[in-house]
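Listed below, chain by chain, are the residues.
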Amino acid sequence: TKGERGLAYNPNWGTLDGNGGTSAGTIGFISKPKQGDMFNERINYFHKPQFNFSHFWTPNEKLTVSTVVYLSVGHGGGTSMGSPAPKDTTTGQLSLQTIYTANSNHIVPTYSTTENAATNYLKSANNDHIWYGVVSSWNYKVNPNVSTLFGIDTRSYKGTHYQSVYNLMGADYTIDNSDKNQPVGTYAGDPRLQSSVKHIGDKIGYYNDAKVYWGGLFAQAEYKKDKWSTFFTTSVSQTGYQRIDYFLKKDLVINGNTFAQSVGYGDVFYYNGTDHITAAANSTVTTNGDTTFVKTGSVKKSILNATGYSGTSKEARAATTDLKWFLGYTFKGGANYNINDNNRVFVNLGYLNMAPRMSVVFDNSNKLFADIKNQFVYAVEGGYGIKEQKFAVNVNLYYTLWKNRPPDYTPTITTPDGVLSYNISGMDELHRGVEIDYVYKIMKDLDFEGIVSLGDWKTISGSKVLITNDVGKVVDTVDFSAKNVHVGNAAQTQVGGSLRYVLIKGLYIKPRLTYFDKNYANFDPTTLIGANKDRESWKMPSYGILDLYLGYDFKAWKMKMALTAGVLNVLNAVYITDAQNGANFNASTALVYMGMGRRFTLALKISI
């Protein structure tokens, strides 16, 4: 109904039609742009410096030690509107002036009689982190045929996640009561209401820390003699997760006993060493001798010889989960046999037992998900390689069974107990296929290179998921089946070829054509229920991409230089790279992501 807007259409920006402020732009925190300014609601900003300290030690001819200490400090986020902005029905762009006009004349006397409250505003989702670790490996050559490798890998990660006010778009403040520990006012003029008033940079929405600890050991042995080479590697690791939420009610730790999320603002927790009751902020509390009475509505409770604790007591802390540990380990082995100088065969086997991601361990209420399981991967691959004077070919066959691989997101469901998050366990995938790469020297300065990748990646199982509430009671179930449903957003057929022609010494040109097919929309397993069990996702149209590269290798100032230029998607092909399956499992209901059009690259690599 709104017409075709073209492939370059971006719905996340707009311009002001006048009557704005007089400042010179909308970048950063400026709140009152001038007429004609462009405004983009999607701004990504991030700064992530990384520091490495490497140490190498060779005490003798047989032993080499390598140690790396690293640190990464990140700060940044991305912006979006607090609620969807209206759009111009003709252009499809954001109608921003309506927001600025409303925000510039919106007095809410309860909070301020002189300043304007935001009807809508720009918020930022922030992700700050500090990540450090040590990796040390010891390589010992036992004899000319046997070498070993031992090492340690330790790391610590803390990610701080929160929303903040980024741009008030003509207003002076906004209101947010997400923090359960901030004072809550009850009437106009109550000074506690000012805790709800948020300005630029203030935290809103959510505020939590995710802590990840990792410690691992690894070892490898390799044997080479004559036509044979073999290896075996193993590792063991412990992964620990902990979540701290500053906007949930606070925990109380009393004489070694932890009472999770017991007190928010105005709450009092009464405890006598055995029993406890909570007086909410709106409760009536009276005492008679050694008895405390708490009346909430028509319900009245009492407790003897109790001590009261609040969010300001020394026993209070931010809502903190226990540290949850997961053991993981891997085994890998393989062998290569050189039939002669031109032909070889190889086989590799592997088993991986991996810790789950943190997103499927704790939910946003600090509650452990039910049925948390490690992921298990069984893999086998084998291949053949041939290398002659004018051509070389490598063929690789693989078969991988990936058990208990959850989706990349945590679904929710509405129950009588509210909206609950849950973890999907029991999702198994089977990946199998063949990969071929080859090169043929047509003439001295002209090579033909190619790849063929033919895969068949499917989910092969279903599961019955139990939905539990905050006290662990099962309140609902989701019974889904995704047997033989293709894995989404991965083109399982890829065929490509390129010609590399050396024009003069050091200068080459390389056109490359790649064809993609068998790419299915990503699916939500919770939709594969009832009549839709085991239903295949929508298959995206196949497409081909032509790229062109030009490179020049040369030396300057005793350094090696590599200058490369590229034109990606030379023909400006229109194609879909990813999609989310829709309600009707077809193109008309799928959410699609278009591929990038023609673009240019330029790079310079310097080697000393």
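Calculation rules
- Residues numbered from 1 in each chain as written.
- Predicted model: local features only at pLDDT ≥ 70, side-chain atom pairs only at ≥ 80, totals over all residues.
- Heavy atoms only, no water.
- Salt bridge = Lys/Arg side-chain N within 4 Å of Asp/Glu carboxyl O.
- Helix = DSSP H or I, 4+ residues; strand = E, 2+ residues; numbered from the N terminus.
- Buried < 20%, exposed > 50% of the residue type's maximum accessible area, 1.4 Å probe, protein only.
- Core = buried A, V, L, I, M, F, W, Y, C linked by side-chain atoms within 4.5 Å.
- Contact = heavy atoms within 4.5 Å.
- 1 Å grid on protein atoms, 1.4 Å probe; cavity = no way out; pocket = protein on both sides within 12 Å on 5 of 7 lines; lining within 4 Å.
- Points joined across faces, edges and corners; volume = space filled by probe spheres on them.
- Nonpolar A, V, L, I, M, F, W, Y, C, P; charged D, E, K, R; others polar.
- Pairing = 2+ DSSP bridges.
- Phe/Tyr/Trp six-rings, centres within 6.5 Å; stacked < 30°, edge-to-face > 60°.
- Lys NZ or Arg CZ within 6 Å of the ring centre and 35° of its normal.
- Patch = residues over 30% accessible without salt bridge, like charges linked within 9 Å, V, L, I, M, F, W, Y side chains within 5 Å.
- Areas by Shrake-Rupley, 256 points an atom, 1.4 Å probe, with all protein chains shown as cover.

What follows deals with the pattern of salt bridges. Using the criterion set out here, one finds 17 salt bridges in the structure. For arginine 317, the salt bridge identified is with aspartate 251, shortest N-O distance 3.3 Å. Taken as a pair, arginine 317 in strand S20 (residues 316-317) and aspartate 251 in strand S12 (residues 250-254) lie far apart in primary sequence, 66 residues in all. For arginine 317, a relative accessible area of 31% puts it in the partly exposed group. Residue class for aspartate 251 comes out buried when judged on its relative accessible area of 1%. Residues glutamate 449 and lysine 510 are paired through a salt bridge, measuring 3.3 Å at the closest nitrogen-oxygen approach. Of the two residues, glutamate 449 is situated in strand S29 (residues 446-459) and lysine 510 in strand S34 (residues 507-517); the sequence distance between them amounts to 61 residues. What makes glutamate 449 partly exposed here is its relative accessible area of 25%.

Quick look at the nonpolar core now. Judged by nonpolar contacts, the single largest core of 14 residues is most densely connected at Tyr422, Ile424, Val465, Ile467, Val478, Phe523 and Leu528. Sorting the residues of this core by element identifies strand S30 (462-468) and strand S31 (474-481) as the ones contributing at least two each. Every residue in contact with isoleucine 467, bar those within four places of it in the chain, is listed here: Ile413, Leu420, Tyr422, Lys473, Val474, Val475, Asp476, Thr477 and Val478. Counting eleven residues, the second-largest nonpolar core is a separate cluster that includes Leu16, Leu96, Ile99 and Tyr166.

The next thing to look at is empty space enclosed by the protein. Over the atoms rolls a probe the size of a water molecule, and its path tells where empty space is left. Applying the stated criterion across every chain, the model contains one cavity of 30 Å³ or more. Estimated volume of the largest cavity: approximately 50 Å³. Taken together, Lys367, Phe369, Ala370, Ser421, Tyr422, Asn423, Val465, Leu466, Ile467 and Thr468 form the lining of the largest cavity. Here the residues of the lining of the largest cavity are counted per class, giving six nonpolar, three polar and one charged.

We now examine the pairing of strand S17 (residues 291-296). If a strand is regular, its side chains alternate between the two faces of the sheet. In this sheet, S17 lies alongside strand S16 (residues 284-288) in antiparallel orientation, the contact comprising five bridges. Counterpart to threonine 287 in the pairing with S17 is threonine 292. Hairpin connection of S16 to S17: two residues between the antiparallel strands, including glycine 289 at a positive phi of 70 degrees. Between S17 and the antiparallel strand that follows it, strand S18 (residues 299-304), lie two residues; glycine 297 among them carries a positive phi value of about 65 degrees.

Time to look at the pairing of strand S23 (residues 343-354). Direction of pairing for strand S22 (residues 324-338) relative to S23: antiparallel, over a ladder of ten bridges. From the neighbouring strand, tyrosine 329 faces S23, where its bridge partner is asparagine 353. If you look at the hairpin formed by S22 and S23, you'll find four residues sitting between the two strands. Across twelve bridges, S23 lies against strand S24 (residues 375-387) in antiparallel orientation. By the bridge assignment for S24, phenylalanine 346 is matched with glycine 383.

The next point concerns the environment of lysine 123. For lysine 123, the location among the structural elements is in strand S6 (residues 122-143). On the accessibility criterion, lysine 123 (19% relative accessible area) is buried. A sequence separation of 75 residues divides lysine 123 from lysine 198, and the C-alpha atoms of the two residues are 11 Å apart. Sequence-distant contacts of lysine 123, defined by excluding residues within four places in its chain, comprise Gly78, Thr79, Ser80, Met81, Gly82, Gln163, Ser164, Tyr166 and Ile204.

Our next topic: the packing of aromatic side chains. The tally for this structure, following the rule as stated, stands at 20 aromatic pairs. Measuring from centroid to centroid gives 6.4 Å for phenylalanine 39 and tyrosine 100, while their planes differ by 80 degrees, and the two rings are edge-to-face. Taken together, the residues phenylalanine 39 in strand S2 (residues 38-40) and tyrosine 100 in helix H1 (residues 97-103) connect sequence positions 61 residues apart. Of the aromatic side chains, those joined through ring pairs into one cluster are Tyr162, Tyr207, Tyr246 and Phe247. In this arrangement the basic side chain of arginine 155 is found over the ring face of tryptophan 214, its NZ or CZ atom lying 4.5 Å from the centre. Positioned above the aromatic ring of tyrosine 508, the side-chain terminus of arginine 500 is 4.1 Å from the ring centre.

Let's shift gears to a nonpolar patch on the surface. Among the surface-exposed residues, Phe391, Tyr440, Ile442, Met443, Phe448, Leu499, Tyr501, Leu503, Ile504 and Leu550 lie close enough to one another that they form a single nonpolar patch of about 850 Å² accessible area. At the level of elements, strand S28 (429-443) and strand S33 (493-504) are the ones that each hand at least two residues to the nonpolar patch. In terms of residue count, the dominant contributor to the nonpolar patch is S33 (four residues). Tracing the backbone through its elements, the reader meets isoleucine 442 in strand S28. You can call isoleucine 442 partly exposed: its relative accessible area is 36%.

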